[in-house]
Amino acid sequence: MNFELSEEHKMIRDAAREFAQELKPGIIQRDEEAKFPYDFVKKMGELGFMGIMIPEAYGGAGMDTLAYVLALEEIAKIDASAAVIMSAHNSLVCYGLNEYGTEEQKQKYLKPLASGEKLGAFALSEPEAGSDASSQHTIAEDKGDYYLLNGTKNWITNGGNADIYLVIAQTHPEKGHRGINVLIVEKGMEGFNIGPKENKLGIRSSDTHSLMFSDVKVPKENRIGEDGFGFKFAMKTLDGGRIGIAAQALGIAAGAYELALAYSKERKTFGKPISDHQAIQFKLADMEVDIEAARLLTYKAAWTKDQGLPYGKIAAMAKLNTSEVAMKHSVEAVQIHGGYGYVKEYHVERLMRDAKITQIYEGTSEIQRLVIAREVLR
């Protein structure tokens with residue numbers, strides 16, 4: 001085993017770290033106002049981050065999953081909202097199109113997505129279909145040369161600013177999850193409406209919306225894969241997406257730790273820095289251990305995917321572990337800051353709020369445990 005990053009991976013990490021510093025000015029205001037970081041998303045496209053795993057032939061950077069994880073981690077240390085915009089776009093949209101789309105779909109949709117010219121969103125969740133992803137009430141009725149799409153999607157990341165949406169819908173209810181399809185829907189299609197922006201606890205400058213479809217005509221050529229492939233598409237795509245969320249959670253945890261470590265050396269009590277007190281030293285030691293372990297597990301998940309090996313279990317393990325670590329140690333970072341940790345200008349309270357969603361989206365911690373247990377017992 002070689003735990004040393006390649007020069008190429010170090011370059012990607014350093015480029016992302018440098019870019020992340022540009023996100024810091026104005027981040028508190030963006031969080032308070034729930035303001036989407038338009039200019040920074042455009043910059044991520046220019047840097048190649050919005051199609052990082054997509055071949056250069058389709059406008060991407062042609063990098064691997066580990067490069068993607070390294071970039072996400074660095075961006076999430078500073079701005080978890082920017083990280084999830086990048087993650088949903090890459091893991092759930094670009095990856096799915098590249099892996100399962102036709103050549104025509106790749107030319108028309110993947111190229112502008114991978115270059116960052118356009119933004120993507122993945123629409124699976126519904127009012128009654130969250131953890132139970134097979135319970136789709138959005139209907140795609142087969143009308144011959146097109147589908148008639150009706151229904152509502154909830155909690156859609158990039159929902160208001162995306163140009164291209166991958167929508168999971170039921171076509172053959174009698175077949176259950178084997179009757180589900182995935183359709184490429186474009187913003188502006190007649191009958192497609194976007195609901196109000198959700199007012200969220202964390203990741204506030206990413207936009208989360210409901211989507212409403214009322215007799216939307218989606219051409220048959222916009223279906224990805226064979227008839228009934230939609231549920232399988234969603235599950236395979238989410239496996240990779242969980243690696244992205246693990247990287248986001250890792251970044252949140254590491255960012256909170258770095259802030260707490262720096263503060264502990266500056267803040268003095270009883271005539272010495274609080275880092276000299278054993279109580280604080282033990283907290284810092286536990287943070288270092290847990291975050292490094294989470295990092296190795298997340299990197300291994302990325303490596304496993306890059307080797308072409310089955311990665312569903314380890315992706316679930318990484319997502320479960322890093323999200324728990326992010327929540328636990330962002331809270332500890334606030335504790336180390338004391339009263340200052342409770343105010344916005346020290347940033348750790350925002351990271352604590354951002355951490356919570358990593359235990360919920362792209363499969364709750366409970367769902368991850370089910371995935372892992374099923375693999376262990378198989």
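- Named according to an unreviewed UniProt entry, the protein is Acyl-CoA dehydrogenase family protein originating from Sphingobacterium kyonggiense.
- The record in UniProt for the protein states the following under Sequence similarities (unreviewed entry): "Belongs to the acyl-CoA dehydrogenase family."
- The UniProt entry for the protein carries the following text under Cofactor (unreviewed entry): "FAD".

### Details of the pairing of strand β4 (residues 164–170)
Next, step 1: Of all the 7 residues making up β4, 7 are buried; the element is thus mostly covered by neighbouring parts of the structure.
Next, step 2: Here β4 shows two buried faces, one formed by Ile164, Leu166, Ile168 and Gln170 and the other by Tyr165, Val167 and Ala169.
Next, step 3: Here strand β1 (residues 120–123) pairs with β4 via 4 bridges, running parallel. Note that in β4 the partner of Phe122 across the bridge is Leu166.
Next, step 4: Two elements, β4 and strand β5 (residues 180–186), share 7 bridges in a ladder whose sense is antiparallel. Residue pairing for β5: Val167 is matched across the bridge by Leu183.

### Section: a nonpolar patch on the surface
Next, step 1: Residues Met1, Phe3 and Leu296 make up a contiguous nonpolar surface patch of about 450 Å² in total accessible area.
Next, step 2: Along the chain, the position of Phe3 falls in the segment before α1 (7–23).
Next, step 3: Of the residues examined, Phe3 reaches a relative accessible area of 65% and is grouped as exposed.

### Observations concerning the environment of Ala234
Next, step 1: Relative to the helices and strands, Ala234 is located in helix α7 (residues 230–266).
Next, step 2: Separated by 141 residues in sequence, Ala234 and Val93 have C-alpha atoms that sit 10 Å apart.
Next, step 3: Not counting residues within four places of it along the chain, the set of residues in contact with Ala234 comprises Phe122, Leu124 and Ile168.

### Digging into the packing of α1 against helix α3 (residues 38–46)
Next, step 1: Where α1 meets α3, the axes come as close as 11 Å, and the angle between the chain directions of the two elements is 165°. Considered as vectors, α1 and α3 are oriented roughly antiparallel to each other. Handedness of the crossing formed by α1 with α3: right-handed. For the pair α1 and α3, contact is made by Phe19, Glu22 and Leu23 and by Phe40, Lys43 and Met44, respectively.
Next, step 2: In the contact of α1 with α3, the residues fall into 4 nonpolar, no polar and 2 charged.

### Overview of the pattern of salt bridges
Next, step 1: Applying the stated criterion across every chain yields a total of 21 salt bridges.
Next, step 2: Between Glu4 and Lys10 there is a salt bridge whose closest N-O contact spans 2.6 Å.
Next, step 3: Take Lys10: its relative accessible area is 21%, and that puts it in the partly exposed class.
Next, step 4: Close ionic contact of Lys328 with Asp290 constitutes a salt bridge, the shortest N to O distance being 3.5 Å.

### Quick look at the packing of aromatic side chains
Next, step 1: The tally for this structure, following the rule as stated, stands at 11 aromatic pairs.
Next, step 2: Residues Tyr263 and Tyr340 carry aromatic rings whose centres are separated by 6.3 Å and whose planes lie at 55° to one another, so their mutual orientation is tilted. With Tyr263 in helix α7 and Tyr340 in the loop between α9 (312–337) and α10 (348–356), this pair connects stretches of sequence that are 77 residues apart.
Next, step 3: For Tyr263, a relative accessible area of 9% translates into the label buried.
Next, step 4: With centroids separated by 6.1 Å and ring planes inclined at 90°, the aromatic side chains of Tyr263 and Tyr346 adopt a geometry described as edge-to-face. Here Tyr346 lies in the loop between α9 and α10 and Tyr263 lies in helix α7, a separation of 83 residues in the sequence.
Next, step 5: Residue classification places Tyr346 among the partly exposed residues on the basis of a relative accessible area of 26%.
Next, step 6: Chaining the aromatic ring pairs together yields one cluster made of Phe19, Phe40 and Phe49.

### As for the environment of Asp215
Next, step 1: Among the secondary structure elements, Asp215 is positioned in strand β7 (residues 208–219).
Next, step 2: The exposure class of Asp215 is partly exposed, given its relative accessible area of 45%.
Next, step 3: Residues Asp215 and Glu141, 74 residues apart in the sequence, show an inter-C-alpha distance of 9.5 Å.

Criteria and thresholds
- The residue numbers shown here count from 1 along each chain, following its written sequence.
- With pLDDT at 70 or above as the cut-off, local features in this predicted model cover only qualifying residues; side-chain atom pairs require 80 or more to be listed or tallied, and sums for whole chains, interfaces and linings still use all residues.
- Just so you know, side-chain values use all the structure's heavy atoms and leave hydrogens and water out.
- UniProt positions are given in the numbering used here, feature names are shortened, and annotations may be inferred rather than shown by experiment.
- Burial classification: accessible surface area is computed with a 1.4 Å probe over protein chains only, and a residue below 20% of its type maximum counts as buried, one above 50% as exposed, and the rest as partly exposed.
- In this description a helix means any DSSP run of H or I spanning at least four residues, a strand means any run of E spanning at least two, and both kinds are numbered starting from the N terminus.
- In this description, strands pair whenever DSSP reports at least two bridges between them.
- Only residues whose relative accessible area exceeds 30% and that form no salt bridge are eligible for patches; like-charged ones are grouped when within 9 Å, while nonpolar side chains (Val, Leu, Ile, Met, Phe, Trp, Tyr) are grouped when within 5 Å.
- The accessible surface values rely on the Shrake-Rupley method and a 1.4 Å probe; as for residues, cover is taken only from the protein chains in view.
- In what follows, salt bridge is the name for a side-chain nitrogen of Lys or Arg lying within 4 Å of a carboxyl oxygen of Asp or Glu.
- For this analysis, residues touch if any pair of their heavy atoms sits within 4.5 Å.
- To get an axis, fit a line to the C-alpha atoms, keeping to the stretch in contact for a helix; angles then go from 0 to 180 degrees between the N-to-C directions.
- We call two directions roughly parallel when the angle between them is under 35 degrees, roughly antiparallel when it is over 145, roughly perpendicular when it lies between 65 and 115, and oblique otherwise.
- By convention the crossing between two helices is left-handed if the near helix lies anticlockwise of the far one by an angle smaller than a right angle, and right-handed if it lies clockwise.
- Amino acids outside the nonpolar list (Ala, Val, Leu, Ile, Met, Phe, Trp, Tyr, Cys, Pro) and the charged list (Asp, Glu, Lys, Arg) are all regarded as polar, and Gly is one of them.
- Only Phe, Tyr and Trp rings take part, Trp by its six-membered ring, and two of them pair if their centres are within 6.5 Å. Stacked means planes under 30 degrees apart, edge-to-face means over 60, and tilted covers everything else.

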